[in-house]
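# Structure assessment
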Amino acid sequence: MTTSVLDRVVRWNLDLDGDLYGDERERYRWYEGIATAASLQWVLVPWAAAIMVWPLGRPAVVPLAVVLAVLLGPMVLCTVYVQRRRVDTTPRSWHAKRVLLTVLGTAPFVVFLIGALYAYEPEGDAWKGAMVGGVLGGVGGAVAKTVEGRRRRRREALAEDED
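Residues numbered from 1 in each chain as written. Predicted model: local features only at pLDDT ≥ 70, side-chain atom pairs only at ≥ 80, totals over all residues. Heavy atoms only, no water.

### Comments concerning the side chain of Arg-27
Keep this limit in mind: What counts as a helix is a DSSP run of H or I of at least four residues, what counts as a strand is a run of E of at least two, and both are numbered from the N terminus. Partly exposed describes any residue whose relative accessible area lies between the buried limit of under 20% and the exposed limit of over 50%, with all areas from a 1.4 Å probe on protein chains only and scaled to the type maximum. Lys and Arg are tallied as positive, Asp and Glu as negative. Neither His nor the chain termini are counted. By convention in these notes, a salt bridge is any Lys or Arg side-chain nitrogen within 4 Å of a carboxyl oxygen on Asp or Glu. A contact between two residues is defined here by any heavy atoms of the two lying within 4.5 Å.
The residue Arg-27 is located in helix 2 (residues 24–56) in this model. Buried charged residue Arg-27 carries no salt bridge. Nearest counter-charge: Glu-24, at 5.0 Å. Not counting residues within four places of it along the chain, the set of residues in contact with Arg-27 comprises Leu-14, Asp-15, Leu-16, Gly-18, Tyr-21 and Gly-22.

What follows is the structure, encoded as structure tokens:
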């Protein structure tokens, strides 16, 4: 298997020689802390942008959009890296915690978009349409995830019956 640039960046960040994070036990604790910090940032930074765009208005739209884009970059890289390592990223089931985190993680992007559209044209209909689209998109996403989960459970049940 060839080593990609992403693999090199990951190995550099993991600090396997213990230069930054110490021995394996200490490194594991640092990884837990880093994962916690990243998880909180993935929720809190978008919400901060979604809230700030409303009172700050039009001058804040582009800088906050840049912050959101910069935040999304590592999030996408994380998902790509994990999937390339053959980790199944499709949830087996949707419990209250996963639903809550999904809503908390996606809703601020919709709220930000609506706020940005409102900041540019408060009298227009674009932000109202985005609001309706956000609700319809959320409902559509929930239905799609429910169907996907049922299909997965059906496939797994069939695979167990064949064994």
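Here the narrative resumes, following the displayed structure.
### Notes on a positive patch on the surface
Threshold: Exposure above 30% relative accessible area and no salt bridge define the residues that can form patches, which grow by joining like charges within 9 Å and nonpolar side chains of Val, Leu, Ile, Met, Phe, Trp and Tyr within 5 Å. Per-residue accessibility takes into account occlusion by the displayed protein chains alone, with areas from the Shrake-Rupley method and a 1.4 Å probe. Just so you know, the charge point we use is NZ for Lys, CZ for Arg, CG for Asp and CD for Glu.
A cluster of basic side chains, namely Arg-150, Arg-151, Arg-153, Arg-154 and Arg-155, defines a positive patch on the protein surface. With respect to the helices, strands and loops of the structure, Arg-153 is situated in helix 5 (residues 126–162). Taking the relative accessible area as the measure of exposure, Arg-153 reaches 42% and is therefore partly exposed.

### A look at the packing of aromatic side chains
We count it as follows: To pair, rings of Phe, Tyr and Trp, with the six-membered ring standing in for Trp, must have centres within 6.5 Å; the planes then decide the type, stacked if under 30 degrees apart, edge-to-face if over 60, and tilted in the middle.
Applying the stated rule across the entire model yields 2 aromatic pairs. Aromatic pair Tyr-118 and Trp-127: ring centres 5.0 Å apart, planes at 90 degrees, arrangement edge-to-face. Overall, the relative accessible area of 32% leaves Tyr-118 in the partly exposed class. Each member of the aromatic cluster is reached from another via a ring pair, and the members are Trp-54, Tyr-118 and Trp-127.

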